[in-house]
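Breakdown of the fold
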Amino acid sequence: MPSDLESSMQSLITVFHKYASKDGDQYFLSRSQFRTLAESELANFLKSQKDPCAVDTIMNSLDSNRDGRVDFNEYVSLVVGLSVACEQCFQMHLKQNKPSAAAKK
Ligand SMILES: [Ca+2]
């Protein structure tokens, strides 16, 4: 049975190929495939974005080799970046809810 982390890694791979394999080359997300993935799998994140062009902006910043499509490495960099941001929010939440030293006395 896979661990939580192994299951998460499997999900990363499965989600990428679910959208990349819809048409064309299964190893890349086209712009429209990336849009569908983002709108389906990152809906809550996108709701917090005020920029109506957020998906295009993200896609442009991910496409590091400028070939107009997102490969698995570029996709993973998005997930890692979002995970780092979420973890920072989690740390802030913990600090805000931590009882102060004065309250302990
Ligand atoms: Ca690319």
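Note: the structure precedes this text.
My aim in this report is to walk through the structure given alongside it, one point at a time. (Residues numbered from 1 in each chain as written. Predicted model: local features only at pLDDT ≥ 70, side-chain atom pairs only at ≥ 80, totals over all residues. Heavy atoms only, no water.)

**Examining the packing of aromatic side chains**
Worth spelling out the cut-off: A pair of aromatic rings is counted whenever rings of Phe, Tyr or Trp (Trp by its six-membered ring) have centres within 6.5 Å, and the orientation is called stacked for planes under 30 degrees apart, edge-to-face for over 60 and tilted otherwise. Each helix is a run of DSSP H or I of at least 4 residues and each strand a run of E of at least 2, with the numbering of both proceeding from the N terminus. Using a 1.4 Å probe on the protein chains alone, a residue whose accessible area is under 20% of its type maximum counts as buried, one over 50% counts as exposed, and one in between counts as partly exposed. Should the NZ of a Lys or the CZ of an Arg lie within 6 Å of a ring centre and within 35 degrees of the ring normal, that charge is described as sitting over the ring.
What the rule picks out here adds up to 3 aromatic pairs. Here Phe16 and Phe72 contribute two aromatic rings whose centre-to-centre distance is 5.3 Å and whose plane-to-plane angle is 90 degrees, an arrangement assigned as edge-to-face. You can see Phe16 sitting in helix H1 (residues 4–20) and its partner Phe72 sitting in helix H5 (residues 72–97), a full 56 residues away along the chain. Overall, the relative accessible area of 1% leaves Phe16 in the buried class. Relative to Tyr75, the ring of Phe16 lies with its centre 5.1 Å away and its plane at 50 degrees, an arrangement referred to as tilted. Taken as a pair, Phe16 in helix H1 and Tyr75 in helix H5 lie far apart in primary sequence, 59 residues in all. Neither Phe16 nor Tyr75 differs from the other in exposure class; each is buried. Arg69 extends its terminal NZ or CZ atom over the ring of Phe28, reaching a point 3.5 Å from the ring centre.

**Comments concerning the side chain of Asp71**
Just so we agree on the cut-off: Here Asp and Glu are counted as negative and Lys and Arg as positive; His is not counted, and neither are the chain ends. A pairing counts as a salt bridge when a side-chain nitrogen of Lys or Arg comes within 4 Å of a carboxyl oxygen of Asp or Glu. Think of a polar contact as two N or O atoms within 3.5 Å of one another; within protein, one of them needs to be a possible hydrogen donor and the other a possible acceptor, and neighboring residues in sequence only count if both atoms come from side chains. Note on contacts: a residue pair is in contact if any heavy atoms of the two residues lie within 4.5 Å.
Relative to the assigned elements, Asp71 resides in strand S2 (residues 70–71). It turns out Asp71 is buried and unbridged, and the closest side chain with the opposite charge, Arg69, is 7.4 Å from it. Only 2.8 Å separates the side chain of Asp71 from the backbone nitrogen of Glu74, close enough to count as a polar contact. In contact with Asp71, not counting residues within four places along its chain, are Phe16, Tyr27, Phe28 and Asn65.

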